[in-house]
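Secondary and tertiary structure notes
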Amino acid sequence: MSVTENNVAESLREGAVIPAASRAERFTSYDVAAFEVPGGREENWRFTPMKRLRGLHDGSAVASGEITLETEAAPELKIETVGRDDARLGEAGVPSDRIAAQAYSSFANATIVTVPKETEASKPSLLRIHGPGEGKVAYGHLQVRAEAFANAVIVLDHVGSGTYADNVEFVIGDSAKITVVSVQDWADDAVHVSEQHLRLGRDATLKHTVVTLGGDLVRVSPTATFADKGGDVEMLGLYFADAGQHQEHRLFVDHAVANCKSNVMYKGALQGDDAHTVWIGDVLIRAAAEATDTYELNRNLVLTPGARADSVPNLEIETGEIEGAGHASATGRFDDEQLFYLQSRGIGEEAARRLVVRGFFHEILARIGVPEVRERLEAAIEAELEAVGA
């Protein structure tokens, strides 16, 4: 028996959960009962503080409130409230964990936002989701549909209090070009678990940005898939965790179609005791996905002692006929050489530290094409730095 076989046998005797050998084996279902109740030792949950999920994972979190949706949409967009029986729901993807399945089976009504065919939106559209309120639980479902050759910018802004789980779908039609910014700026008590499904048509382009700033526990899991050749997805992320906050981002890019591109870049900063961030980046290039071009990058900056960042990039390749594939991850504290360089030019230590953090996030902020959102995030980062005295 090999060393690996011995390790597996020992793990089975101890009752440990053996993860699937390939992301291609990932289980999905709309049925909550099809998923076992996670205990925290599973690969998909091993970084998540289960007790802080408030029962979202085991069925004990019963809906006791509702979210409030405010919209400031471009006039060209169509916004509908539909029932669970609408045939369009679920088109972008199927839940891949128990909480996502619970959210899918628990929402009463869904919101569908449609960008009509060959339409260019005249302005960015804002959808502000207010939590159900402190001590309350809600489930939701939102779908964004971009028909062929559509062009639009859509901002999802999550604010308020409470416990909230949802599925968000992005169905991007052939040759459509869509920019999405999902901001999690919750109150300190909020818990938000969201699975986001991104499905791109032929020659479609999607820029998907996740920004996480607030909340007690926030877990966002975007999954990108391709329906036809020529799809191009850029997945960006920015997160800033304070003392006690848990922020988790789990990405999966499933290349099952030839001639598609993906680029992932997430950056995070942490400060304060027990601040914890988790970034998991999984990319699967299946045998049929020839000429794939993909890269993923994660960087974390630890500002104070007592904070912890976990970063796990995974790249699985089933074909040698690709354009390019790679990944990188790094976690560290302030670069002493950068600080020395700035201080040697007369800049005080506090100001130098601020400049380093701003420069760290600049690459992400510069790619957010909505000036109002970019300015708001810059102000939020400045406030975070003032709080810690960086």
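Refer to the preceding data block for the structure.
What counts as what
- Residues numbered from 1 in each chain as written.
- Predicted model: local features only at pLDDT ≥ 70, side-chain atom pairs only at ≥ 80, totals over all residues.
- Heavy atoms only, no water.
- Helix = DSSP H or I, 4+ residues; strand = E, 2+ residues; numbered from the N terminus.
- Buried < 20%, exposed > 50% of the residue type's maximum accessible area, 1.4 Å probe, protein only.
- Contact = heavy atoms within 4.5 Å.
- Lys, Arg positive; Asp, Glu negative; His and termini not counted.
- Charge placed at Lys NZ, Arg CZ, Asp CG, Glu CD.
- 1 Å grid on protein atoms, 1.4 Å probe; cavity = no way out; pocket = protein on both sides within 12 Å on 5 of 7 lines; lining within 4 Å.
- Points joined across faces, edges and corners; volume = space filled by probe spheres on them.
- Nonpolar A, V, L, I, M, F, W, Y, C, P; charged D, E, K, R; others polar.
- Pairing = 2+ DSSP bridges.
- Axes fitted to C-alpha atoms, helices over the stretch in contact; angles between N-to-C directions.
- Phe/Tyr/Trp six-rings, centres within 6.5 Å; stacked < 30°, edge-to-face > 60°.
- Lys NZ or Arg CZ within 6 Å of the ring centre and 35° of its normal.
- Salt bridge = Lys/Arg side-chain N within 4 Å of Asp/Glu carboxyl O.

For the rest of this paragraph, the subject is the overall build of the protein chain. Helices and strands together make up the secondary structure of the protein chain, namely five helices and 18 strands. Each principal axis of the C-alpha distribution contributes one length, and for the protein chain these read about 65 × 60 × 50 Å. Residue burial in the protein chain is summarised as follows: out of 390 residues, 52% are buried. A sequence separation of at least 24 residues applies to 87% of the contacts in the protein chain between residues at least 6 apart. Taking the average location of the 37 positive side-chain charges in the protein chain and that of its 61 negative ones, the two points are 0 Å from each other.

With that settled, consider the layout of surface pockets. There is about 420 Å³ of room inside the second largest pocket. Lining the second largest pocket are 24 residues, with Ile 67, Asn 109, Tyr 139, Gly 140 and His 141 sitting closest to its centre. With five residues, the top contributor of residues to the lining of the second largest pocket is strand E5 (residues 137-146). Grouping the amino acids of the lining of the second largest pocket by side-chain chemistry returns 13 nonpolar, nine polar and two charged.

Turning next to the sheet that holds strand E18 (residues 324-332). Across the sheet, nine strands lie side by side as E1-E4-E6-E8-E10-E12-E14-E16-E18; this open sheet has mixed pairing. Edge positions in the open sheet fall to strand E1 (68-72) and E18, since each of these has one partner strand only. The average angle at which neighbouring strand axes cross in this sheet is 10°, direction not considered.

With that settled, consider the packing of aromatic side chains. Here the structure, examined in full by the defined rule, presents seven aromatic pairs. Geometrically, the ring pair formed by Tyr 104 and Phe 107 is edge-to-face, given 5.7 Å between the ring centres and 85° between the ring planes. Each member of the pair Tyr 104 and Phe 107 is classed as buried. Pairwise contacts between aromatic rings join Tyr 30, Tyr 104 and Phe 107 into one cluster. Over the aromatic face of Trp 45 sits the side chain of Arg 219, whose NZ or CZ is 3.8 Å from the ring centroid.

Secondary-structure assignment places His 249 in strand E13 (residues 246-255). With sequence-adjacent residues up to four places away left out, His 249 is seen in contact with Val 210, Thr 212, Val 220, Tyr 239, Tyr 266, Val 278, Trp 279 and Ile 280.

A few words now on the pairing of strand E12 (residues 232-241). For a regular strand, the rule is simple: side chains alternate between the two faces of the sheet. By the criterion of burial, E12 is predominantly enclosed, with nine of the 10 residues buried. Bridging between strand E10 (residues 205-212) and E12 involves eight bridges; their strand directions are parallel. Looking at the pairing, Thr 212 lines up with Tyr 239 of E12. Direction of pairing for E12 relative to strand E14 (residues 261-270): parallel, over a ladder of 10 bridges. Across the sheet, the residue bridging to Leu 236 is Met 265, located in E14.

Before going further, it helps to examine the sheet that holds strand E17 (residues 308-317). Spatially, the nine strands line up as an open sheet ordered E2-E3-E5-E7-E9-E11-E13-E15-E17, and their pairing is mixed. A single partner strand is all that each edge strand has here, and the edge strands are strand E2 (78-83) and E17. For this sheet, the mean inter-axis angle between neighbouring strands, taken without regard to orientation, is 10°. The pairing of strand E9 (residues 191-200) with strand E11 (residues 217-226) spans 10 bridges and is parallel. Bridge assignment links Arg 199 to a residue of E11, and that residue is Thr 225. In this fold helix H2 (residues 98-106) packs onto E5, strand E7 (163-172) and E9, with an angle of close to 85° to the strand it touches most, E7.

Turning our eyes to something else, we now look at unusual backbone geometry. Although it is not a glycine, Phe 149 adopts a positive phi angle of roughly 65°. Among the secondary structure elements, Phe 149 is positioned in the loop between E5 and strand E6 (151-159). Backbone geometry places Ala 291, a non-glycine residue, at a positive phi of 65°. Position of Ala 291 relative to the elements: it lies in the loop between strand E15 (276-285) and strand E16 (293-302). The class for Ala 291 is partly exposed, based on a relative accessible area of 21%.

Inspection of the entire model under this criterion finds 19 salt bridges. Its salt-bridge partner being Glu 382, residue Arg 358 comes within 2.8 Å of it at the nearest N-O pair. Separated by 24 residues along the polypeptide, Arg 358 in helix H4 (residues 349-365) and Glu 382 in helix H5 (residues 371-388) bring together distant segments of the chain. In this structure, the salt-bridge partner of Arg 367 is Glu 363, at a minimum N-O distance of 3.8 Å. A residue is classified by how much of its surface remains accessible, and Glu 363, at 35% relative accessible area, is partly exposed.

This brings us to the pairing of E10. For E10, a buried count of six out of eight residues is recorded, marking the element as mostly surrounded by other parts of the structure. As paired elements, strand E8 (residues 177-184) and E10 share eight bridges and run parallel to each other. Looking at E10, one finds that Lys 177 is bridged to Thr 205.

Tracing the backbone through its elements, the reader meets Ile 79 in strand E2. A relative accessible area of 34% means that Ile 79 is categorised as partly exposed. For Ile 79 and Thr 111, which are 32 residues apart along the polypeptide, the C-alpha to C-alpha distance reads 7.0 Å. The contact partners of Ile 79, leaving out residues within four places of it in the chain, are Thr 71, Ala 73, Thr 111, Ile 112 and Val 113.

Function cannot be read off these values alone, since they describe shape.
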